[in-house]
Amino acid sequence: MIAIYGLKYVLIGVVLTVVFSLWSASKDSPALLLPAVLFALLTLFLVFFYRNPGRVIPEGKNNILSIADGRILSIEDIDNEYIGGKGKKVSIFLSVFNVHINRIPIDGRVEYIKYAPGKFLKAFVDDASDNNEQSEFGLDFGSGKMIFKQIVGILARRIVYDLKEGQQVNGGEIFGMIHFGSRAELFLPENVDITVSVGQMVKAGETIIGKLNQ
């Protein structure tokens, strides 16, 4: 299944492949066949990149799910006013080969959405967390509050999401994506016990990042 966010890019690739293939055949021109092959390869890559595999959402209302596929870059102590003080920041790096669909971490209500323009540093460097272009979401999940972020990387230049302030959301449902390599972060309060470790590979909507301890 192809993500709706990338469908137009895949269709453009298909059209260009067909156009150059037919043009090459009509002119009997090997030179025109080369761009047809290149566009075909590009289209195959886009189909791979914009894939949207099904996910089995773990049962349990206390689960905080990963919002992205990728590798855990870091788990840091933080102090954040919105989440109620001390907590943990979990950072995830998405390579260009990961699925880039983003999913909601837990049932709740979106209290705010904040977009910040910025740089396009490599997504795996620490400075990217504060300085890169990003979208930030504040989520009230009943027994606490958390923040999750979409952050662009050196290749990713476009963030898309389908959320609105005040919207009720369910854990595991798709809310957007970041085009190409990027970074995702969760700011979790103290009442969440982290269940992942640095270097671990995670899947959006499927891997449990932490559990509410109450």
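To be clear, the structure that these remarks concern was listed above.
So, a few notes on the structure that sits alongside this text. For clarity, every value in this text was computed on a predicted model and none was experimentally measured. (Residues numbered from 1 in each chain as written. Predicted model: local features only at pLDDT ≥ 70, side-chain atom pairs only at ≥ 80, totals over all residues. Heavy atoms only, no water.)

1. Points about the packing of aromatic side chains
Across all of its chains, the model carries 10 aromatic pairs by this definition. Pairing Phe 20 with Trp 23 gives two aromatic rings, centres 5.8 Å apart and planes at 40°, and the pair type is tilted. On the criterion of helical spacing, the pair formed by Phe 20 and Trp 23 is a turn pair, its members being 3 residues apart in helix H1 (residues 7-27). Seen in terms of ring centroids, Phe 49 and Tyr 50 are 4.9 Å apart; in terms of plane orientation they differ by 90°. Their pairing is edge-to-face. (Phe/Tyr/Trp six-rings, centres within 6.5 Å; stacked < 30°, edge-to-face > 60°. Helix = DSSP H or I, 4+ residues; strand = E, 2+ residues; numbered from the N terminus.)

2. Considering the pairing of strand S7 (residues 145-152)
With 7 of 8 residues buried, S7 is to be regarded as a mostly interior element. Two elements, strand S6 (residues 134-140) and S7, share 7 bridges in a ladder whose sense is antiparallel. By the bridge assignment for S7, Gln 134 is matched with Ile 151. Between the end of S6 and the start of S7, which pair antiparallel, lie 4 residues, with Gly 142 showing a positive phi angle near 95°. The sheet contact formed by S7 and strand S11 (residues 182-189) spans 6 bridges and is antiparallel. Bridge pairing in S11 places Ile 151 opposite Arg 183. (Buried < 20%, exposed > 50% of the residue type's maximum accessible area, 1.4 Å probe, protein only. Pairing = 2+ DSSP bridges.)

3. Looking at the pattern of salt bridges
Within the structure shown, the criterion is met by 10 salt bridges. Between Asp 69 and Arg 55 there is a salt bridge whose closest N-O contact spans 2.8 Å. On the criterion of sequence distance, the pair formed by Asp 69 in the loop between strand S1 (63-65) and strand S2 (70-80) and Arg 55 in the loop between helix H2 (30-49) and S1 is long-range, its members being 14 residues apart. As far as burial versus exposure is concerned, Asp 69 and Arg 55 are alike and both buried. For Glu 185, the salt bridge goes to Lys 89, with nearest N and O atoms at 4.0 Å. In this pair, Glu 185 sits in strand S11 while Lys 89 sits in strand S3 (residues 85-94), placing the two residues 96 residues apart along the sequence. Exposure class is identical for Glu 185 and Lys 89. Each is buried. Each member of the salt-bridge network shares a partner with another, and the members are Glu 76, Lys 89, Arg 183 and Glu 185. (Salt bridge = Lys/Arg side-chain N within 4 Å of Asp/Glu carboxyl O.)

4. Overview of the environment of Ser 66
Summarising the element assignment, Ser 66 is placed in the loop between S1 and S2. On the basis of relative accessibility, which here comes to 0%, the residue Ser 66 falls in the buried class. Expressed as a C-alpha distance, the spacing of Ser 66 and Tyr 161, which sit 95 residues apart in the sequence, is 16 Å. The contact partners of Ser 66, leaving out residues within four places of it in the chain, are Ile 92, Arg 103, Val 202, Lys 203, Ala 204, Gly 205, Thr 207 and Ile 209. Polar side-chain contacts of Ser 66 include one of 2.6 Å to the backbone oxygen of Ala 68. (Contact = heavy atoms within 4.5 Å. Polar contact = N/O pair within 3.5 Å; in protein donor to acceptor, adjacent residues only side chain to side chain.)

5. Description of the sheet that holds S11
Here 8 strands make up an open sheet; going across it, the order is S9-S5-S6-S7-S11-S3-S2-S13 and the pairing antiparallel. A strand with exactly one partner marks an edge of an open sheet, and here the two such strands are strand S9 (168-169) and strand S13 (201-202). In this structure, strand S5 (residues 108-116) lies alongside S6, joined through 7 bridges in antiparallel fashion. Residue pairing for S6: Tyr 112 is matched across the bridge by Gly 138.

6. Here we look at H2
Residues spaced three or four apart along an α-helix point in a common direction, a consequence of the helix completing one turn every 3.6 residues. Under the 1.5 Å per step criterion, the end-to-end length of H2 is 29 Å for 20 residues, consistent within 8% with the ideal 28 Å. Against the buried residues of H2 lie H1 and strand S10 (174-178). (Expected span 1.5 Å × (residues − 1).)

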